[in-house]
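Inside the fold
This is what each chain is made of:
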Amino acid sequence: MRRLAASGAAGAAGAAAAPAADSTDCAQGRSPRPRRLIDLCALWDTGVSSPAAGWKRASGIARRRLNEAETLSSVQEAQLERLEAARPGRLGSGERGPVLRMARQPPPPSVHAAILLCLLSLSGAIEIPMDLSQPPTITKQSVKDHIVDPRDNILIECEAKGNPAPSFHWTRNSRFFNIAKDPRVSMRRKSGTLVIDFRSGGRPEEYEGEYQCFARNKFGTALSNRIRLQVSKSPLWPKENLDPVVVQEGAPLTLQCNPPPGLPSPVIFWMSSSMEPITQDKRVSQGHNGDLYFSNVMLQDMQTDYSCNARFHFTHTIQQKNAFTLKVLTNNPYNDSSLRNHPDMYSARGVAERTPSFMYPQGTASSQMVLRGMDLLLECIASGVPTPDIAWYKKGGDLPSDKAKFENFNKALRITNVSEEDSGEYFCLASNKMGSIRHTISVRVKAAPYWLDEPKNLILAPGEDGRLVCRANGNPKPTVQWMVNGEPLQSAPPNPNREVAGDTIIFRDTQISSRAVYQCNTSNEHGYLLANAFVSVLDVPPRMLSPRNQLIRVILYNRTRLDCPFFGSPIPTLRWFKNGQGSNLDGGNYHVYENGSLEIKMIRKEDQGIYTCVATNILGKAENQVRLEVKDPTRIYRMPEDQVAKRGTTVQLECRVKHDPSLKLTVSWLKDDEPLYIGNRMKKEDDSLTIFGVAERDQGSYTCVASTELDQDLAKAYLTVLADQATPTNRLAALPKGRPDRPRDLELTDLAERSVRLTWIPGDDNNSPITDYVVQFEEDQFQPGVWHDHSKFPGSVNSAILQLSPYVNYQFRVIAINEVGSSHPSLPSERYRTSGAPPESNPADVKGEGTRKNNMEITWTPMNATSAFGPNLRYIVKWRRRETRETWNNATVWGSRYVVGQTPVYVPYEIRVQAENDFGKGPEPDTVIGYSGEDLPSAPRRFRVRQPNLETINLEWDHPEHPNGILIGYTLKYVAFNGTKLGKQIVENFSPNQTKFTMQRADPVSRYRFTLSARTQVGSGEAVTEESPAPPNEAYTNNQADIATQGWFIGLMCAIALLVLILLIVCFIKRSRGGKYPVREKKDVPLGPEDPKEEDGSFDYSDEDNKPLQGSQTSLDGTIKQQESDDSLVDYGEGGEGQFNEDGSFIGQYTVKKDKEETEGNESSEATSPVNAIYSLA
């Protein structure tokens, strides 16, 4: 593709050569010397720049030209390609197509995707149908810088639509351009396009200037861009006599071209006076400025002369400068052609070797400015012996491989479609075996204005509100100017329904009279943008704008979007339904956009069916249907594999494809990402590509492209043909490594409400590639002077879009990181404050806890600067008791806590905390459950102590009736005791869920006293006390263990001992008296015959004592009472009838008397007589 463009130009240039100051006119066929006419006209007329002319025809001419001349340099190729791509069609010839490269090469998949997305976006826009009244809209206009051919009529385009159809008028240099007064100027019918006709004479230069078109109807006026009209110029080369150039062999040389200035600038190429192209290589090459550079001059360089040629675009002429002749001074005048390929050619010719030095640019550093979207061309041309090699690097990152390419034998680096990321420091390294030098180029990217938010037509119903937004960015930042119907807004009649706020116009309660066309003009020193947007006020029921019952075919598992263009005012709401039933499709796998388009995120088989869109507003409704068919994807299931082949062998690359049978399949091949020409050595089949007799030129990547009308699949393999491969070396590998230098020159661009682009120039990486950049920010409201990490980016970028929060005054800095460490932070950027907005979140960690028994403290984590979103951040605190129908209590708080007073003890509350600033309230907050303050709990219920055996004691209890908070546990205190003796107190703490405890007794004798209480965060509550039961032998054990020391016990024992002593005395007395007596007592009353004691003439004293005597009375309680008793010693001692027995014992009357006394004593003296007491015991 590039070879074709270069060959065509070379062939044309090699056909003939015009002398200096001669020119050629292809259009009119005029030439002072037809023999030397360069046949450029043939090239243009073949349609090389037009796809309609066909590839074969153009390539045939190109091949013929190729036989006449060698290939031009890459600089010439690129210039010619850009020239052909930019050439417009001539008047009357119709519009030209794209350049041949686009005609030959099918667009890559990314292009298809971009076109599809673009069409989807356009189809989603709501436009007013042409049968409805509407202000004018510009639909076509000439480019801003309009350069015309002086031999053609001038055409300045301006077309517009509107209802009623608009009328047109023009200004030239900001003054009304009266077309009627100039017979050469006319306006096309139903159009505003100007035609300036020079067939009857006149000079086109007289019409140069700045033109602007106005399209007007009764609803407003739309404006075109300001079109700068310039006539192409191709001035003649000044005549000059050039002396021979004398130079020493091995020295550097520059031959300057200095072409005459043209409009546009001419394309430069060098040829000999015999019209032979100058052979160029890394030693001899043409610079971007047109000069011819020799890194070192050799003797063979004076075998030809050197002529600079300038090709002028619009006039299609080539002008030739007088030729330079060289005279080379040498130490070896013998020119042996065999030395040209000698490995040490310079030494063989006696040329001294020297280190590289730069011919262009000079010095060690330079700078370059480029506009965003343009191409950046960096150039380094060096001298030296041997010829230096050039390598390119970018400090702090890699070259952008997707848009960077090397030209002119690596002496030039071109980066296409420059963006802010491409700014930074680049350096070229020129090296040969004698040494190396480098040149640093600092690149800064500026920008003409470009749209961030272009104003769009506003369609409103009467009484509705709306806004027009005009937001653009550039470097420097552009200014914004509003106009209405082509007049400055300041001079327009006042409109109470309209308010201007910077880049936004706000409309409130619009009426029919509010219709107009507004213009937004944004400009800086590098250019301007002008946009028209009308405000239309209509009352229209819904209507569908697309054909009915469309068929849409999509690939399985892809994302797709179904469009349903509609119109209505007020803007209708659109809903989607599938197969005429079910609910509105939105959510899950479906998403409905604001313009009504339905997106299906991932197509499945079951998504096939009929989709109905229904548009509704207050005036009615309309509907349309779309039928969706789901197709299987195209897949290469057997892909070509990388292969290594020897020259002359046969290679087969497989490519087997599976696709939907209802779709037509096409399989094609690319080589090195270019369409593959299938020659006679290749055979293409449905599932393979065969290459016979492999040659070195067959080496490269082969891509199989399987495509249908809906999708495509690609598979790539690399074919290696065995050959020697040179391995480049990294000249920086051996250098010492260090931490990177700090980034510098931070710049903020693309300023938007929620984002900004930060661009920086990387510092020197100090021979260790930068792996990461850390972007930090600081704000001056909440934490001034404190830097926070914002984001992290790979080391290959030096520009990034930063997402911002509203109402933060940002300042940024950048830190570079490599494997050695981190750089020092860069100097801070300028500050950028984002506009405010209502909060998008609420504070986190909302809690409600009591600090006292009658309050609840509500706390939360305050929001930081990046979440405040506006000034006067405050919090709306709401609370109410849970599970009640109470109304919400609320308070506004500026801090991070609020205390609710006079609350019951430990009751649940519902709590909400909502953020609010001066722009509005945050989203509805979540409800959090909190509790008021806790108190001491009541005593545990049903405290039970059981002793199943002598070794263990079991305790059980129930939870308190009134916990008064969250129980955090129980405290059990117990102590052993034995009488008055107490053991050591033991404390046990239990979890709040534990209600049982088993204790092992230390000994089987002691008892235990237990005290149990519940605990909350406030403390331990009321306690309950119980003791363990006494063991069965506790009384005996107590007497043994402790009673013997008691006083009362000692007295009792003494009494018992006395009684025992008395009993012994009684027993002794009884023993002394004997049991039976032989002497019978004479009584007044004889014994009865039933008395058993009388049988043997004896008397039992012991038995008789318990029998009542004769003559006594028995009382009611069974006691015997004596009638009278006059017991005294006189009865025994004075003259009684008592007598003594033979051993001196007193018997007789005493005995009888004594019996009487005893009988009476039982009745009357029992309590007072000690003797009686003793006898009673005996």
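Residues numbered from 1 in each chain as written. Predicted model: local features only at pLDDT ≥ 70, side-chain atom pairs only at ≥ 80, totals over all residues. Heavy atoms only, no water.

- By the naming in an unreviewed UniProt entry, the chain goes by Neurofascin isoform X30 and is assigned to Vulpes vulpes.
- Listed in UniProt under the heading Subcellular location (unreviewed entry), the comment for the chain reads: "Membrane".
- UniProt, in its Sequence similarities (unreviewed entry) section for the chain, records the words "Belongs to the immunoglobulin superfamily. L1/neurofascin/NgCAM family." (UniProt positions renumbered as here; feature names shortened; annotations may be inferred.)

**Things to note about the overall build of the chain**
- Scanning the chain from N- to C-terminus turns up 14 helices and 85 strands.
- Here the chain, with 1178 residues, has 45% of them falling under the buried criterion.
- In the chain, of all internal contacts separated by at least 6 residues, the share reaching a separation of at least 24 is 66%.
- Carbon and sulfur atoms make up 50% of the accessible area of the chain, which amounts to about 62,000 Å² in all. (Helix = DSSP H or I, 4+ residues; strand = E, 2+ residues; numbered from the N terminus. Buried < 20%, exposed > 50% of the residue type's maximum accessible area, 1.4 Å probe, protein only. Contact = heavy atoms within 4.5 Å. Areas by Shrake-Rupley, 256 points an atom, 1.4 Å probe, with all protein chains shown as cover.)

**Things to note about the pairing of strand E4 (residues 158-163)**
- Side chains Cys158, Ala160 and Gly162 of E4 all project onto a buried face; the interleaved residues Glu159, Lys161 and Asn163 project onto a face where none is buried.
- Summarising the sheet, strand E1 (residues 134-141) and E4 pair through 5 bridges and their orientation is antiparallel. When the bridges of E4 are listed, Gln141 appears paired with Cys158. (Pairing = 2+ DSSP bridges.)

**A look at the pattern of salt bridges**
- By the definition in use, this model includes 57 salt bridges.
- Here Glu205 ties to Arg203 by a salt bridge, and the two come within 3.8 Å at their closest N and O atoms.
- Relative accessible area serves as the criterion here: at 47%, Arg203 is assigned to the partly exposed category.
- Salt bridges here are not isolated pairs; linked through shared partners, they connect Lys395, Glu425, Arg438, Arg444, Lys446, Arg744, Asp745, Glu747 and Asp764. (Salt bridge = Lys/Arg side-chain N within 4 Å of Asp/Glu carboxyl O.)

**Some remarks on the sheet that holds strand E72 (residues 941-946)**
- Pairing in this open sheet of 3 strands is antiparallel, and the strands run E72-E73-E77 from one edge to the other. Each edge of the open sheet is held by one strand with a lone partner, namely E72 and strand E77 (996-1000). For this sheet, the mean angle separating the axes of adjacent strands, direction not counted, is 15°.
- Relative to E77, strand E73 (residues 952-958) runs antiparallel, the two sharing 5 bridges. (Axes fitted to C-alpha atoms, helices over the stretch in contact; angles between N-to-C directions.)

**Overview of the state of the cysteines**
- Scanning all chains against the criterion turns up 6 disulfides.
- The partner cysteine of Cys470 in its disulfide is Cys520, sulfur to sulfur 1.7 Å. Disulfide Cys470 to Cys520: torsion about the S-S bond roughly -65°, handedness left-handed. Taken as a pair, Cys470 in the loop between strand E30 (466-469) and strand E31 (471-475) and Cys520 in strand E36 (residues 516-524) lie far apart in primary sequence, 50 residues in all. By the burial criterion, Cys470 is buried, and Cys520 matches it.
- Across the disulfide, Cys655 is cross-linked to Cys704 (sulfur-sulfur distance 1.8 Å). Here the S-S torsion is close to -75°, and the disulfide linking Cys655 with Cys704 is therefore left-handed. Of the two residues, Cys655 sits in the loop between strand E49 (651-654) and strand E50 (656-658) while Cys704 sits in strand E55 (residues 700-707), which places them 49 residues apart along the sequence. There is no split in this pair, since Cys655 and Cys704 are both buried.
- Bonded cysteines in the chain are paired 1-2, 3-4, 5-6, 7-8, 9-10, 11-12 when counted in the order they occur along the chain. (Disulfide = S-S within 2.5 Å.)

**As for the packing of aromatic side chains**
- Summed over the entire model, instances satisfying the criterion amount to 18 aromatic pairs.
- Taking the centre distance of 5.7 Å and the plane angle of 80° together, the rings of Phe177 and Tyr211 count as edge-to-face. Highlighted residues: Phe177 in strand E6 (residues 175-177) and Tyr211 in strand E9 (residues 209-217), separated in sequence by 34 residues. Tyr211 matches Phe177 in its accessibility class, with the two residues each being buried. (Phe/Tyr/Trp six-rings, centres within 6.5 Å; stacked < 30°, edge-to-face > 60°.)

**Re the environment of Lys144**
- Relative to the assigned elements, Lys144 resides in the loop between E1 and strand E2 (145-148).
- Among the residues examined, Lys144 registers a relative accessible area of 26% and is labelled partly exposed.
- Sequence-wise, Lys144 and Asn225 are 81 residues apart; in three dimensions their C-alpha atoms are separated by 6.5 Å.
- Those residues in contact with Lys144 that lie beyond four places of it in its chain are Asn225, Arg226, Ile227, Arg228, Tyr528 and Leu529.
- Only 2.4 Å separates the side chain of Lys144 from the backbone oxygen of Tyr528, close enough to count as a polar contact. (Polar contact = N/O pair within 3.5 Å; in protein donor to acceptor, adjacent residues only side chain to side chain.)

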